[in-house]
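Now for the letters of each chain:
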Amino acid sequence: MAEIIIRNLRKEFGSFTAVEGSSFKIEDGEFFMLLGPSGCGKTTTLRMIAGLELPSSGEIYIDGEECGRKPASQRDIAFVFQMFALYPHMNVRRNISYPLASQGMGRAEIRAKVEEVARILGITDILDRSVGGLSGGDRQRVALGRAIVRNPKCFLMDEPLGALDAEFREHMAEELRALHDRMGATTVYVTHDQLEAMQMGDKIVVMNHGVVEQFGAPQDIYDKPATLFVASFIGSPPMNFLRFHGKLAPGATEVALHHSRFAIPAARAPFEGDMVLGVRPEHVHLSDTSSYRARVLATEYLGTTQIVTLQTQDGQIKARLASDQVARVNEQVGLDFTDSTITLFDAQTGHALRSELNEGVLAHG
Amino acid sequence: MSSYSITEPSPRSKWIAGILVVSYALITLIPLVWIIATGFKSSSDSIAYPPKVFFEPTLEGYVNLFTRQTRATPEQLAATPPTTWYEQIVHDNGMVISGPSRFGERFMNSVIIGFGSTFLSVFLGTLAAYAFSRYRIPLKDDLMFFILSTRMMPPIAVAIPIFLMFRAAGLSDTHAGMILLYTAVNLSLAVWLLKGFIDEIPREYEEAALIDGYTRFQAFVKVVLPQAATGIASTAIFCLIFAWNEYAFAVLLTSGTAQTAPPFIPTIIGVGGRDWPAVAAGATLFLVPVMVFTILLRKHLLRGITFGAVRK
């Protein structure tokens, strides 16, 4: 097992830059998520770690060894493809034993290993079937079997649950996480699904347009987003943004929006200009005493909670409220935010402004 | 009311389709039956008018095809009584066998040149198609078009330059020369056909093999080739049919050592132009190898490339 360090990794396809100077570190044994919308460079990054693409510049260290230019076959890694890529002309047993055969392992030993892996994954009874007739879940397990049979330094997975139907996906996600915890292997997992990333990952890298937007634990990324992109990409519904113009002195604990004052985590640096106030829907509350007024546009009932869409002077925002709280459409209400959770962003650059809340996270982000 | 189905054709349209298929089969099979039958007719039956549908079969045509004969006087005939059934047939016509004919050699030439050029076309074609399919090659599209453009005029249009080139290079009437020529003609077809098949094979298979610890070449041999078997088989059949049946270049560029069967078979007819059964026998035997080859590869032609192990 191994730690993986990515330093200034860059990949260009002709004039298009797919990955732009990424740097992050994956600790030994971590379940690491590469998250972003399609075309953000996450898969390209994974393929460079695997050795299926050569970086234009930058370094990849696997287990302390620089291997950005090494062929995939010499990196001792395993890769699970989105479409599984099981060899169609071989049965399940041969598919799983294929990586062992390349190492020139003896037949008896291969047989024993394959059976052991099949037991772990619960696919002993399909070992002699052809891969063509298997269900999506079984194919997924065979693909995992082919990956774990060799005890590689790390697992790389490219949206491995993307080809499964929603119902089964949840189940497989649990199985995958359980398998990881059991083996303790470093795993790099690419997904565009923020829920999957939050649910399974120890750490998340959020990428957009080839740039690493933020790197950290799921809670930090959710509560302390480093950029407007991260704030809007993570969370459903996403973070609410209220645009305003103002001035911030170091240590300021308040901002003014249309004469209403909102408490904020203490600012750490001065700022003047266009700002965005970001607040998660669950931190928006109805308050009769508040002077910041809004009109209820719509409500969506979700069981234990409801999502209430509100029209303010600064645009629409959504609030996640307990479902027993009464909110009627067209009603005028006052709004209040949980002050300690507010993040302010520079509207121009999209970067979060340093505050008491996020300074620890932004310092190494 | 009869039940209506959108997948099952109605009994009437099934009948019409059946009649059309059977009549088409009959029309295309008649010449074939004619040739095969003529091979077993006697010389006089073969040119009888009206044509004989029922006749007494004889192997005379096949014996004539494989032997050289000379006319003998009655005394000579009496002095050499026939010892085998084929000597008997020749004997009855007032002839004696003076040796084997050249048909066997010419047939072997066809086999060597036909299969040799097919192998070479498919071998080179697969490598080229793989490279075109998988690698970033400068001017890829232009090169592919250039390869196709070599087939834009009939090959025989350049017969005279090729004749002169072959003469200058000492390739006239050699096996190597003919293999080279047929490979050159077939290669563009092979590259294009095979590229289509290889494009259809998902790259993930090779990438999985690379990650499983195999080299690019091993991945190609062990993963891509089995997947491309269908394409390789059908390409091989197309290449073989062309090289096997080619007549114009064979007439022009071969006369002896490397002469193939197509230009040789018409010469069997002899001076009097009477030996149609021998010609028909030669044509019948000439059909066999392509037929056997196609039947052997039929399994690959019908089988799909993937079995759905990659979801599309």
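Conventions and cut-offs
- Residues numbered from 1 in each chain as written.
- Chains lettered and ligands numbered in written order.
- Predicted model: local features only at pLDDT ≥ 70, side-chain atom pairs only at ≥ 80, totals over all residues.
- Helix = DSSP H or I, 4+ residues; strand = E, 2+ residues; numbered from the N terminus.
- Rg over C-alpha atoms; globule rule 2.2 N^0.38 Å.
- Pairing = 2+ DSSP bridges.
- Axes fitted to C-alpha atoms, helices over the stretch in contact; angles between N-to-C directions.
- Domains from an automatic or database assignment.
- Contact = placed C-beta atoms within 7 Å.
- Buried ≥ 20, exposed ≤ 12 C-beta atoms within 10 Å, placed from the backbone.
- Parallel < 35°, antiparallel > 145°, perpendicular 65-115°, else oblique.
- Left-handed = near helix turned anticlockwise from the far one by under 90°.
- Nonpolar A, V, L, I, M, F, W, Y, C, P; charged D, E, K, R; others polar.
- Core = buried A, V, L, I, M, F, W, Y, C linked by C-beta atoms within 7 Å.
- Expected span 1.5 Å × (residues − 1).

Moving on: the overall build of chain B. The secondary structure content of chain B amounts to 14 helices and two strands. Computed over C-alpha atoms, the radius of gyration of chain B comes to 26 Å, more than 25% over the 20 Å expected from 2.2 N^0.38 for 312 residues, which places it beyond the range of a compact globule. Overall, chain B is about 85 × 75 × 40 Å in size when its C-alpha atoms are taken along their principal axes.

This paragraph deals with the sheet that holds strand 20 (residues 343-346) of chain A. Residue and element names in this part refer to chain A. If you trace the three strands from one edge of the open sheet to the other, you get 11-14-20, paired in antiparallel fashion. Single-partner strands in this sheet number two, and they are strand 11 (240-248) and strand 20. Direction aside, the axes of adjacent strands within the sheet are offset by 35° on average. Pairing geometry for strand 11 and strand 14 (residues 271-279), over nine bridges, is antiparallel. Of the residues in strand 14, the one forming a bridge with Leu-248 is Phe-271.

A separate point is the domain arrangement of chain B. Residue and element names in this part refer to chain B. Looking at the assigned domains, one finds that chain B contains domain 1 (43-101) and domain 2 (104-302). Taken over C-alpha atoms, the centre of domain 1 sits 38 Å from the centre of domain 2. Domain 1 puts 10 residues into the contact, and the matching count from domain 2 is 10 residues. Mapped by element, the contributors of at least two residues to the side of domain 1 that touches domain 2 are helix 2 (43-46) and helix 3 (60-66). Broken down by element, the residue count for the side of domain 1 that touches domain 2 peaks at six residues, all from helix 3.

Residues and elements named next belong to chain A. One can find Ser-323 in the loop between strand 18 (315-322) and strand 19 (332-337). Taking the C-beta count within 10 Å as the criterion, Ser-323 has 14 such neighbours and is therefore assigned partly exposed. With 23 residues separating them in the primary sequence, Ser-323 and Glu-300 have C-alpha atoms 9.3 Å apart. Sequence-distant contacts of Ser-323, defined by excluding residues within four places in its chain, comprise Tyr-301, Gly-303, Thr-304, Thr-305 and Gln-306.

Each partner contributes to the interface: chain A provides 23 residues, whereas chain B provides 20 residues. Within the residue set of the side of chain A that touches chain B, elements represented by two or more residues are strand 6 (77-80) and helix 2 (92-101) of chain A. Counting residues per element, the side of chain A that touches chain B draws most heavily on strand 6 of chain A, which supplies three residues.

Another aspect to go through is the packing of helix 4 (residues 136-148) of chain A against helix 5 (residues 166-183) of chain A. Residue and element names in this part refer to chain A. For the pair helix 4 and helix 5, interaxial distance at closest approach is 11 Å and the crossing angle is 20°. In terms of axis orientation, helix 4 runs roughly parallel to helix 5. Read as a crossing pair, helix 4 and helix 5 show a hand that is right-handed. Listed contacts from helix 5 to Gly-136, Gly-137, Gln-140, Leu-144 and Ile-148 of helix 4 are Phe-168, Met-172, Leu-179 and Met-183. Residue composition of the contact of helix 4 with helix 5, grouped by class: six nonpolar, three polar and no charged.

Turning our eyes to something else, we now look at the sheet that holds strand 5 (residues 65-66) of chain A. Residue and element names in this part refer to chain A. What the four strands build is an open sheet, ordered 2-1-4-5; its pairing is antiparallel. In the strand order of this sheet, the two ends are held by strand 2 (16-26) and strand 5, each with one partner. Two elements, strand 1 (residues 4-13) and strand 2, share seven bridges in a ladder whose sense is antiparallel. Directly across from Ile-4, in strand 2, lies its bridge partner Ile-26.

With 135 residues, the main nonpolar core has Leu-34, Ala-50, Phe-79, Cys-154, Leu-156, Val-188 and Tyr-189 of chain A as its most contacted residues. The element contributing the most residues to this core is helix 11 (residues 216-245) of chain B, with 12 residues. Formed by 19 residues, the second largest nonpolar core is a distinct cluster that contains Phe-103, Phe-107, Ala-278 and Ala-283 of chain B.

Here we come to helix 5 of chain A. Spanning 18 residues, helix 5 of chain A covers 26 Å between terminal C-alpha atoms, matching the ideal 26 Å at 1.5 Å per step. Positive backbone phi, approximately 65°, marks Gly-184 of chain A, located one or two places after helix 5 of chain A.

Before going further, it helps to examine the environment of Met-200 of chain A. All names here are of chain A. Within the element layout of this structure, Met-200 appears in helix 6 (residues 194-200). Distance from Met-200 to Leu-86, taken between C-alpha atoms, is 25 Å for residues 114 residues apart in sequence. For Met-200, the residues in contact, after removing those within four places along its chain, are Phe-31, Met-33, Ala-173, Leu-176, Arg-177 and Tyr-189.

The next thing to look at is the environment of Pro-160 of chain A. Residue and element names in this part refer to chain A. Tracing the sequence through the fold places Pro-160 in the loop between strand 7 (154-158) and helix 5. The class of Pro-160 is buried, set by 26 C-beta atoms lying within 10 Å. Residues Pro-160 and Glu-12 lie 148 residues apart in sequence; the distance between their C-alpha atoms is 25 Å. Residues within four places of Pro-160 in sequence aside, it is in contact with Val-80, Gln-82 and Gln-140.

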